[in-house]
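# What the coordinates show
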Amino acid sequence: MRDHIAELINKIKNASSQSLESITVPHTKMVLAVAELLQKEGWVASITKHAGKAKKSEKTLEIALSYNEDKSPRVIGVERVSKFSQRLYTGYKNIRSVRSGYGLTVITTPKGIMTDMNAKKEKVGGEPLFKIW
């Protein structure tokens, strides 16, 4: 079983450190939702869907990476929190900021995928997927 979320965040981090323009990842509903959240928060520049010709499994997403004005990478590091081997859940009272507010935690909640600050505002807990800074 593949961990598409880990693949996505590791590709973003590695491509950013190499100053690449974009990455390609397999298209799943979860990856698309996470990528759209990262785009909304400014961590990635844009998302393009590519449909497979013959098979459904050939669908991919091309994600353009975001850089600061001085061409330094926007994404410096990532950390997978909840994994297949060890699922973690947290209440909204236990949600902490990442790197003094310079990063964010992506959390799956009953209300959808959201950032740590939005989950705190909505007073909803869930499964923290990863931290990005």
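Above: the structure in question.
Basis of the calculations
- Residues numbered from 1 in each chain as written.
- Predicted model: local features only at pLDDT ≥ 70, side-chain atom pairs only at ≥ 80, totals over all residues.
- Heavy atoms only, no water.
- Pairing = 2+ DSSP bridges.
- Helix = DSSP H or I, 4+ residues; strand = E, 2+ residues; numbered from the N terminus.
- Axes fitted to C-alpha atoms, helices over the stretch in contact; angles between N-to-C directions.
- Contact = heavy atoms within 4.5 Å.
- Buried < 20%, exposed > 50% of the residue type's maximum accessible area, 1.4 Å probe, protein only.
- Polar contact = N/O pair within 3.5 Å; in protein donor to acceptor, adjacent residues only side chain to side chain.

## Considering the sheet that holds strand E6 (residues 112–115)
- Judged by pairing direction, the sheet is antiparallel, and its 4 strands sit side by side in the order E4-E7-E5-E6 without closing on themselves. Two strands in the sheet have a free side with no partner beyond their single neighbour: strand E4 (78–80) and E6. The mean inter-strand angle of the sheet, taken between neighbouring strand axes irrespective of direction, is 20°.
- As paired strands, strand E5 (residues 104–109) and E6 are joined by 4 bridges and run antiparallel to one another. Counterpart to Thr108 in the pairing with E6 is Ile113.
- Contacts from helix H2 (residues 29–40) reach E5, E6 and strand E7 (127–132) within the one sheet, and its direction differs from that of E6 by about 30°.

## Some details on the side chain of Ser82
- Following the sequence through the fold, Ser82 ends up in the loop between E4 and E5.
- Its relative accessible area of 0% is what places Ser82 among the buried residues.
- At a separation of 2.6 Å, a polar atom in the side chain of Ser82 contacts the side chain of Glu127.
- Once residues within four sequence positions are removed from consideration, Ser82 is found in contact with Arg87, Leu88, Glu127, Pro128 and Leu129.

## Some points on the sheet that holds strand E2 (residues 44–50)
- Sheet architecture is open: 3 strands sit in the order E1-E3-E2, paired in antiparallel fashion. In this open sheet, the two strands that pair with only one neighbour each are strand E1 (22–26) and E2. Each strand of the sheet is rotated relative to its neighbour by a mean of 25°, with strand direction disregarded.
- Sheet topology places E1 next to strand E3 (residues 60–65); 5 bridges connect them, and they run antiparallel. Within E3, the position partnered with Ile23 by the bridge is Ile63.
- Set on the sheet, helix H1 (residues 4–17) makes contact with E1, E2 and E3; between it and E1 the angle comes to about 170°.
- Running at roughly 150° to E2, H2 makes contact with E1, E2 and E3 of the sheet.

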